[in-house]
Amino acid sequence: MKVSCNVDISKYPFDENMCDIRVIAWMNDVSDINIITGLNPINMDRFVLNNEFVVRPDGVQGVYLYSNNRTYKMLLLRLKLKRRPAYLIISLLAPVIMLSILGLFSFLLPPHVNEKISFAIAVLLSFTMFLNMIYEDLPKDSINIPYLVVYIAFLLLISFLSVIGNCMVKVVHSMDQRANLEETQLSRNLCMALNLLSFPLDRFGDGDTASRLNKLFLILNFTSLLVVNVVFFSAALT
């Protein structure tokens, strides 16, 4: 006999679900067959250990059904399924978090380093290749989209924006080398935009405009990662 249950994988891989097994004798009513339970209605002595879930009994409930002036009794056996997250944390979550943190280090490199953009692109490509490798481990459900899928999508977006941020830093740095940035129209437009956003570059210490812009993107990247991680783990663990 096989039993299937509908599960909610929104909190994958920290999800817990209830599986209800209904036992009823449709051909006989309670006058012929009355299903009762013993002191230990769900015996797990011969249960084979499952590698993916921890299965625990959660009680039995008797329900009476009425049809065609006849009374039937149904037993509702409840099993609690809790996923074992250790393997997925080691093989999926930990590498994703490490790759996202690695993207921060691109902004720790000074603007004059030529490998700055290539480092950010390498992190983004590593992220993409890793997602292709773990594609089979991710649940595919469009009704209850797992928070993990949304979490990884945001981390990939942050990594993509890091590449753009590093490109902007290199462009500003190259303009600093050619001429004084404050004397160009692009400089005035950039400073005006940042002032409108309440992010004047003077707040980020001394140095040329590229260095201060680099510090700004570092703070924004770190803040974005912190917010995304806090929101994901708060939603998945509660």
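Since this is a predicted model, take the numbers as computed values, not measurements. (Residues numbered from 1 in each chain as written. Predicted model: local features only at pLDDT ≥ 70, side-chain atom pairs only at ≥ 80, totals over all residues. Heavy atoms only, no water.)

## Describing the sheet that holds strand β1 (residues 16–24)
Line of reasoning, step 1. If you walk across this open sheet you meet the three strands as β1-β3-β2, and the pairing is antiparallel. Each having just a single partner strand, β1 and β2 (53–67) make up the two edges of the open sheet. Put simply, the sheet's adjacent strands are angled 20° from each other on average, direction ignored.
Line of reasoning, step 2. Direction of pairing for β1 relative to strand β3 (residues 70–83): antiparallel, over a ladder of nine bridges. Of the residues in β3, the one forming a bridge with V23 is L75. (Pairing = 2+ DSSP bridges. Helix = DSSP H or I, 4+ residues; strand = E, 2+ residues; numbered from the N terminus. Axes fitted to C-alpha atoms, helices over the stretch in contact; angles between N-to-C directions.)

## Structural notes on the pairing of β3
Line of reasoning, step 1. Two strands pair when backbone bridges link them, and β2 and β3 are joined in this way by 13 bridges, in the antiparallel orientation. Along β3, the bridge assignment pairs G62 with L75.

## What to know about the pattern of salt bridges
Proximity of charged atoms lets side chains of opposite charge pair with each other.
Line of reasoning, step 1. By the definition in use, this model includes five salt bridges.
Line of reasoning, step 2. Each of D15, E52 and R83 takes part in a single network of salt bridges with overlapping partners. (Salt bridge = Lys/Arg side-chain N within 4 Å of Asp/Glu carboxyl O.)

## Digging into helix α1 (residues 86–102)
Side chains of residues three or four places apart in an α-helix project in the same direction, reflecting 3.6 residues per turn.
Line of reasoning, step 1. Spanning 17 residues, α1 covers 23 Å between terminal C-alpha atoms, matching the ideal 24 Å at 1.5 Å per step.
Line of reasoning, step 2. Most pronounced at L93, the bend in α1 amounts to some 35°, and the proline P95 follows within four residues.
Line of reasoning, step 3. For α1, every residue scored as buried is listed here: L88, L92, L93, P95, V96, L99 and S100. (Expected span 1.5 Å × (residues − 1). Bend = angle between axes of the 7 residues up to and from the residue. Buried < 20%, exposed > 50% of the residue type's maximum accessible area, 1.4 Å probe, protein only.)

## Some thoughts on the packing of α1 against helix α2 (residues 116–133)
Line of reasoning, step 1. Running from amino to carboxyl end, α1 crosses α2 at an angle of 165°, the nearest separation of the two axes being 10 Å. As summarised for this structure, α1 and α2 are arranged roughly antiparallel, according to the angle between their axes. The hand of the α1/α2 crossing is left-handed. Within the contact between the two elements, α1 uses S91, L92, P95, V96, L99, S100 and L102 and α2 uses F119, V123, S126, F127 and F130.
Line of reasoning, step 2. Broken down by class, the residue content of the contact of α1 with α2 amounts to nine nonpolar, three polar and no charged. (Parallel < 35°, antiparallel > 145°, perpendicular 65-115°, else oblique. Left-handed = near helix turned anticlockwise from the far one by under 90°. Contact = heavy atoms within 4.5 Å. Nonpolar A, V, L, I, M, F, W, Y, C, P; charged D, E, K, R; others polar.)

## Considering the state of the cysteines
Line of reasoning, step 1. Taken as a whole and assessed by the stated rule, the structure comprises one disulfide.
Line of reasoning, step 2. Paired through a disulfide, C5 and C19 show a sulfur-sulfur distance of 1.6 Å. Of the two residues, C5 is situated in the segment before β1 and C19 in strand β1; the sequence distance between them amounts to 14 residues. (Disulfide = S-S within 2.5 Å.)

## Concerning the side chain of N17
Line of reasoning, step 1. Relative to the assigned elements, N17 resides in strand β1.
Line of reasoning, step 2. Within the structure, the side chain of N17 is placed 2.7 Å from the backbone nitrogen of D8, a separation counted as a polar contact.
Line of reasoning, step 3. At 3.5 Å, the side chain of N17 forms a polar contact with the side chain of D15.
Line of reasoning, step 4. With residues near it in sequence (within four places) discarded, N17 still touches V7, D8, L79, K80 and L81. (Polar contact = N/O pair within 3.5 Å; in protein donor to acceptor, adjacent residues only side chain to side chain.)

## As for the packing of aromatic side chains
Line of reasoning, step 1. For the structure shown, the criterion picks out four aromatic pairs.
Line of reasoning, step 2. Ring plane angle 40° and centroid distance 6.0 Å describe the contact between F107 and F217, whose orientation is recorded as tilted. Pair noted here: F107 is in the loop between α1 and α2 and F217 is in helix α5 (residues 209–237), with a separation of 110 residues, a long-range link. Summarising the burial analysis for this pair, F107 and F217 share the class buried. (Phe/Tyr/Trp six-rings, centres within 6.5 Å; stacked < 30°, edge-to-face > 60°.)

## Topic: the packing of α1 against α5
Line of reasoning, step 1. Across the interface, α1 lies against α5 with an axial gap of 11 Å and an inter-helix angle of 160°. When the axes of α1 and α5 are compared, the pair comes out roughly antiparallel. Where α1 crosses over α5, the two elements pack in a sense that is left-handed. On α5, the residues that touch L93, I97, S100 and I101 of α1 are L225, N229, F232 and F233.
Line of reasoning, step 2. Looking at the contact of α1 with α5 residue by residue, the classes come out as six nonpolar, two polar and no charged.

## A closer look at the nonpolar core
Line of reasoning, step 1. Formed by 23 residues in total, the largest nonpolar core has its most connected members in V96, F127, L148, Y151, I152 and L155.
Line of reasoning, step 2. If you list the elements that add at least two residues to this core, you get α1, α2, α3 (147–178) and α5.
Line of reasoning, step 3. Of all hydrophobic cores here, the second largest spans nine residues; its members include C19, I42, F53 and V55. (Core = buried A, V, L, I, M, F, W, Y, C linked by side-chain atoms within 4.5 Å.)

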